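Close look at the chain arrangement
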Amino acid sequence: MKAATLKLCLPVMAMTAQQTAASLIIPPFLESLHYPVSAIGSLISVIPVLALTARLPTGLIYRGERSRALMLATLLVMTLCTFLYSYAVQPLYFALVQAFFGFAYGAATTIYLAFFVESLPPDKDRHHAMGYYAGCLAVGYSAGGFAAGYVADKLGYAATFKFSSLLGLLCIVLLFFLRPPLSRKAQKDSGKTKQSQPVLASLKSILEPKTATIVVVALFLNLLHQMGNSLFPLYGLAVGLTLTQVGAIRAFYSLCNAITRPFSGSVVKRVGHWKLSRAGLPLQSAFLMLVPFFHDFASLLVVFLLAGFLRAVVIVANTISMVEDVDDTRVSRGVISGIYNAAGDVGNILGPSAGGLIASFAGIARLFIVGPLIAAVLFFFSLWACKFLKSYKIADS
């Protein structure tokens, strides 16, 4: 990894670690305040919902020349919110802090993805660069969760929220070492030949066949991940695993993502990002459908590692599709970043809900058969619908 790419990756690693550190201890923190489980679930769901609402508006106002200022503003809000968590003990106050944090996090991640793509050196292989970016997200998730758990065990919840705030300050400091996106600077020097797209035209970009396919893959990838990941602890306990073993499986699953993503760029370059985007998710579904056939720690660990490997490769492949296959003269990087992240948010929201609904009818074990199977069928149907958009576009033209 070149020094310029490393400088771009460090802030997103710190930002992801900050979010993970805060989100990990929110449930036990609220439980220590004697909140009912239903209230805890409702308060946790505020973040993905508010993050979703921030995606498209942020993408529409994104401009390279103002990206760093927008990032600083959103990170300041996130840092302040993580500091205030331990003081917002009343439900209304906590919900407000969650709402501000969720909106700021959605805006920050949308801006930074577009900022990262536009700031890549012209000679940089984007397959490797997007692999490094996705890998740094996974490293942030793993490191933030581990560090937060350690600090919480040693010093308590309030200290952990303050530690999360320090991660936000670290991200802010790292931003000052970054230059404006090179592509925007080149446009300035050439007299701003690229014009901003009208808002309506940018929003219509989701109907472009390639953009729609990217959205479908991002949505179902997160839906499948959340469906299995959020409800696996219940299955693990039902078959006799301890919470330590369940936690270890999830930790190795995240570690597999962190290790695999930086090297997935080479695999994607050889096989092709479109092939991997289409084939990876059904294969991941197939591995998850094996879960009910195993009851011991070692076998389940292998199954989740294989599923994690495929998830990592597909994430990198779909991110490369977003960078290479969307014409940035017709759709701005900010808008496509907002659309891409919003699709993931929708998957994050639908996954646990769909999984819980299926489990209530079929049982927790059969969830891992019925859920992935339905997801794969709907995924193929959605890809077919994207082809219909292409046919409709040709007929309309």
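Refer to the preceding data block for the structure.
Residues numbered from 1 in each chain as written. Predicted model: local features only at pLDDT ≥ 70, side-chain atom pairs only at ≥ 80, totals over all residues. Heavy atoms only, no water.

**Comments concerning the packing of aromatic side chains**
Here is the rule we go by: By convention, a stacked pair of Phe, Tyr or Trp rings (six-membered ring in the case of Trp) has centres within 6.5 Å and planes under 30 degrees apart, an edge-to-face pair has planes over 60 apart, and any other such pair is tilted. Helix and strand assignments come from DSSP, with helices taken as H or I runs of at least 4 residues and strands as E runs of at least 2, each series counted from the N terminus. The classification of residues rests on relative accessible area computed with a 1.4 Å probe and restricted to protein chains. Under 20% of the type maximum is buried, over 50% is exposed, and intermediate values are partly exposed.
Scanning the entire structure with this criterion turns up 17 aromatic pairs. Measuring from ring centre to ring centre gives 6.0 Å for Tyr85 and Phe101, while their planes differ by 55 degrees; the resulting arrangement is tilted. Taken as a pair, Tyr85 in the loop between helix 4 (67-84) and helix 5 (91-119) and Phe101 in helix 5 lie far apart in primary sequence, 16 residues in all. Across the pair, Phe101 and Tyr85 agree in class, each one buried. Residues Tyr112 and Phe115 carry aromatic rings whose centres are separated by 5.5 Å and whose planes lie at 35 degrees to one another, so their mutual orientation is tilted.

**As for a nonpolar patch on the surface**
Our working definition: Candidates for patches are residues over 30% relative accessible area with no salt bridge; among them, like charges are joined within 9 Å and nonpolar side chains (Val, Leu, Ile, Met, Phe, Trp, Tyr) within 5 Å. Residue-level accessible areas treat just the shown protein chains as cover; the underlying method is Shrake-Rupley with a 1.4 Å probe. Basic side-chain nitrogens of Lys or Arg form a salt bridge, by our definition, when they fall within 4 Å of a carboxyl oxygen of Asp or Glu.
Where nonpolar side chains cluster on the molecular surface, the patch consists of Val77, Leu92, Tyr93, Leu96 and Phe100 and spans about 520 Å² of accessible area. For the nonpolar patch, the element with the most residues is helix 5, which contributes 4 residues. Within the secondary structure layout, Leu96 lies in helix 5. The exposure class assigned to Leu96 is partly exposed, which follows from its relative accessible area of 42%.

**Some words on unusual backbone geometry**
Residue His34 is not a glycine yet carries a positive backbone phi of 65 degrees. Relative to the assigned elements, His34 resides in the loop between helix 1 (3-32) and helix 2 (37-44). What makes His34 exposed here is its relative accessible area of 74%.

**What to know about the pattern of salt bridges**
For the coordinates displayed, the defined rule picks out 1 salt bridge. Put simply, Arg55 and Asp345 hold a salt bridge, and the shortest N to O gap is 2.6 Å. One end of the pair, Arg55, is in helix 3 (residues 46-61); the other, Asp345, is in helix 14 (residues 333-362), and 290 residues separate them in sequence. Assigned by exposure class, Arg55 and Asp345 land together as buried.

**Focus on the packing of helix 10 (residues 209-238) against helix 13 (residues 297-324)**
Heads up, the rule is: Helix axes use the C-alpha atoms of the stretch in contact, all axes being lines fitted to C-alpha atoms, and the angles between their N-to-C directions lie in the range 0 to 180 degrees. For classification purposes, angles smaller than 35 degrees are called roughly parallel, those larger than 145 roughly antiparallel, those between 65 and 115 roughly perpendicular, and all remaining angles oblique. Two helices cross in a left-handed way if the nearer one is turned anticlockwise from the farther one by less than a right angle. They cross in a right-handed way if the turn is clockwise. We call two residues in contact whenever any of their non-hydrogen atoms come within 4.5 Å of each other.
Close contact between helix 10 and helix 13 brings their axes to 10 Å; oriented N to C, the two are set at 160 degrees. Relative to helix 13, helix 10 is oriented roughly antiparallel. Crossing geometry of helix 10 relative to helix 13 is assigned as left-handed. Residues Ile214, Val217, Ala218, Leu221, Asn222, His225, Phe232 and Tyr235 of helix 10 lie in contact with helix 13, whose contacting residues are Leu300, Phe304, Arg311, Val314, Ile315, Asn318, Ser321 and Met322.

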